[in-house]
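Chain residues, written in single-letter form:
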Amino acid sequence: GQDSLFSADDPAARIAALRREIEHRSYQYYALDNPTISDGAFDSLMADLRALEAAHPELVTPDSPTQRVGGYVGEQFAPVVHEQRMYSLDNAMDLGELDAWMERVREACGGSLPPLCCELKIDGSSIALTYEDDLLARAATRGDGTTGEDVTVNMRTVRDVPLRLREEARAAIAPGVGGLELRGEVYMPKKSFELLNVAAVSDGRQPFANPRNAAAGSLRQKDARITQNRDLSTFMYAIADERALAVDGQWELLQWLREAGFHVNPDVRLCESAEEVRDFCRVAIERRDALPYEIDGVVVKVNAFSRQRALGFTSRAPRWAIAFKFPPEEKTTLLRDITVQV
Ligand code: NAD
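Conventions used here
Residues numbered from 1 in each chain as written. Predicted model: local features only at pLDDT ≥ 70, side-chain atom pairs only at ≥ 80, totals over all residues. Domains from an automatic or database assignment. Helix = DSSP H or I, 4+ residues; strand = E, 2+ residues; numbered from the N terminus. Nonpolar A, V, L, I, M, F, W, Y, C, P; charged D, E, K, R; others polar. Core = buried A, V, L, I, M, F, W, Y, C linked by C-beta atoms within 7 Å. Buried ≥ 20, exposed ≤ 12 C-beta atoms within 10 Å, placed from the backbone. Contact = placed C-beta atoms within 7 Å. Near = placed C-beta within 6 Å. UniProt positions renumbered as here; feature names shortened; annotations may be inferred. Axes fitted to C-alpha atoms, helices over the stretch in contact; angles between N-to-C directions. Parallel < 35°, antiparallel > 145°, perpendicular 65-115°, else oblique. Left-handed = near helix turned anticlockwise from the far one by under 90°. Pairing = 2+ DSSP bridges. Arc of directions from axis to C-beta. pLDDT = per-residue confidence, 0-100.

### A word on the domain arrangement of the protein
The assigned domain composition of the protein is domain 1 (1–67) and domain 2 (68–341). Each of domain 1 and domain 2 was reduced to a C-alpha centroid, and the two centroids are 25 Å apart. Listed by contribution, the elements that provide at least two residues to the side of domain 1 that touches domain 2 are helix H2 (11–31) and helix H3 (39–55). The greatest single-element share of the side of domain 1 that touches domain 2, amounting to four residues, is contributed by H2. Residues that form the side of domain 1 that touches domain 2 fall into these classes: five nonpolar, five polar and two charged.

### Some points on the nonpolar core
Residues Leu129, Ala215, Leu257, Val298, Val300, Ile322 and Phe324 are the most contacted members of the largest nonpolar core, which totals 66 residues. Discounting residues that sit within four places of it in the chain, Leu257 has contacts with Leu182, Met236, Phe262 and Val264.

### What to know about the site of the ligand
Lining the immediate surroundings of the ligand are 21 residues, of which Tyr29, Pro35, Asp39, Ser88 and Ser126 lie closest. Sorting the residues of the shell around the ligand by element identifies H2, H3 and strand E3 (116–122) as the ones contributing at least two each. Taken together, the residues of the shell around the ligand sort by class into nine nonpolar, five polar and seven charged. The two domains that each donate at least three residues to the shell around the ligand are domain 1 (1–67) and domain 2 (68–341).

### Some thoughts on the UniProt feature "active site" (unreviewed entry) in the protein
Mapped onto the present numbering, the UniProt feature "active site" (unreviewed entry) falls at Lys121. Every residue in contact with Lys121, bar those within four places of it in the chain, is listed here: Ile295, Asp296, Gly297, Val298, Val299 and Ala323.

### Observations regarding the packing of H2 against H3
Following both chains from N to C, one finds H2 and H3 inclined at 150°, their axes separated by 10 Å at the closest point. Between H2 and H3, the angle falls in the class roughly antiparallel. In the packing of H2 onto H3, the handedness of the crossing is left-handed. The residues of H3 that touch H2, namely those facing Pro11, Arg14, Ile15, Leu18, Arg19, Glu21, Ile22 and Arg25, are Phe42, Leu45, Met46, Asp48, Leu49, Leu52 and Glu53. Partitioning the contact of H2 with H3 into residue classes produces nine nonpolar, no polar and six charged.

### Regarding the sheet that holds strand E8 (residues 233–239)
One key point about sheets: their strands pair by backbone hydrogen bonds, in either a parallel or an antiparallel sense. Strand order in the open sheet made by the four strands is E5-E4-E7-E8, with antiparallel pairing throughout. Either end of the sheet is taken by a strand with one partner, and the two such strands are strand E5 (135–141) and E8. Pairs of neighbouring strands in the sheet enclose a mean axial angle of 35°, with direction left out of account. Of the strand pairs in this sheet, strand E4 (residues 125–132) and E5 are connected by six bridges, and their pairing is antiparallel. Across the sheet, Ile127 pairs through a bridge with Thr141, a residue of E5.

### A look at the sheet that holds strand E11 (residues 321–325)
If you trace the five strands from one edge of the open sheet to the other, you get E2-E11-E10-E3-E9, paired in mixed fashion. Bordering the open sheet on either side are strand E2 (91–92) and strand E9 (268–271), each of which pairs with just one other strand. Pairing of E3 with strand E10 (residues 295–302) involves seven bridges; the strand directions are antiparallel. For Leu116, the partnering residue across the bridge sits in E10 and is Val302. Along the sheet face, helix H10 (residues 274–287) touches E3, E9, E10 and E11 and points at about 165° away from the line of E10.

### Notes on helix H9 (residues 250–260)
An α-helical turn contains 3.6 residues, so a residue and the one three or four places further along point in the same direction. Of the residues making up H9, those classed as buried are Gln250, Leu253, Leu254, Trp256, Leu257 and Ala260. For H9, the angular spread of buried residues about the axis comes to 165°, placing them on one side. Looking at the buried residues of H9, the elements they touch are E3, strand E7 (179–187), E8, E9 and E10.

### Overview of unusual backbone geometry
You will see that Asp133, though not glycine, has its phi angle at about 50°, which is positive. Considering the arrangement of structural elements, one finds Asp133 in the loop between E4 and E5. Under the C-beta neighbour-count criterion, Asp133 is labelled exposed, with 10 such atoms within 10 Å. One non-glycine residue, Asp134, lies in positive phi territory at about 75°. On the secondary structure map, Asp134 appears in the loop between E4 and E5. On the basis of neighbour count, Asp134 is assigned to the partly exposed category, with 17 C-beta atoms found within 10 Å.

### A few points about the confidence of the model for the protein
Confidence in the prediction of the protein, expressed as mean pLDDT, is 93, and 94% of residues score 70 or more. Low confidence marks residues 331–342, where pLDDT is under 50. Its contacts with residues over four positions away, or in another chain, come to 14 contacts. Two summary scores accompany this predicted model of the complex, namely pTM at 0.92 and ipTM at 0.97.

### Looking at the packing of helix H4 (residues 95–108) against H10
Working note: a packed helix pair is described by the angle between its axes plus the distance between those axes. Closest axis-to-axis distance for the H4/H10 pair is 11 Å, and the angle between their directions is 145°. Crossing of H4 over H10 shows right-handed handedness. Residue-level contacts link Leu95, Leu98, Asp99 and Met102 of H4 to Ala274, Val277, Arg278 and Cys281 of H10. Of the residues assigned to the contact of H4 with H10, the class counts are six nonpolar, no polar and two charged.

The following block contains the structure:
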């Protein structure tokens, strides 16, 4: 098209066109929970933009999609400003890129690889739950990372979300801490997603493209009774401010979250070597189809909070974690479902 006519000698025009395209697709994905291209196609637009920006660093702007958390804050929910930003994750598209990341971590940690916590990457929607005096006070989506949407009423209907923290969890909470913000993923099991779409088609409604959009769309309902009738679950894995707890790493945090009453994914491993991490990734790929919920990769995190703090964040993602993405396989499902929509 016209863009490609300009692209060869005008990187600025090509960059502008890519950003427009990415923003348009992101709006449909995040705001309307209704993607119009496959994730693979979206990721390659992002890869093109990243490559162009790397070749022309003077054209990088702070509002470029490569520099921020992709997301959306809708009008139908009250905005919630996150006390600590919610980040996305950088990706490793294959084991080679994962090795390169571990190598960078090793260097940054004085030449030896620190223990790494491996978790499944749940393909759902990010959620932040705030507990005040042990009680669930607020639930918010990630939104653009700085501001999310208040979905408290909807999240209260999700059955595995504790409305009160268990007593056993209290001992680890630092004295004087009023609120605890805990984070994780809301997801819809594969089976429930399929049933929901069968029902949608027979009612003449638009089906969801994948379980992730189904989870996000079910959560972001104006009428919480609709959310209540959707089969949503959570896996919790993070805390906004780890100084609020007497735990010193990701592994210990997961044990605490379980004690506090949260649903925590059992497939975690604290790895001491790069080979163990690669092993975890291989096993996850093999087990992927057998799991009742969708995963799209493995998240590898530097375990110790002190090291995480030393490594810090870029504008959109932590340097102490990486998402090892599985090779895409479910594009046909997505395309088939989109064909159903049009
Ligand atoms: P992401 O979903 O790939 O990764 C970051 C998220 O992973 C975190 O925010 C967190 O919610 C989640 N996560 C799951 N399990 C986790 C765990 N154990 N520990 C930590 N985090 C965990 O990144 P993103 O920026 O939210 O979205 C990008 C994805 O969305 C890409 O796959 C992209 O293709 C897709 N997308 C598609 C379209 C489209 O039009 N098809 C548009 C926009 C985005």
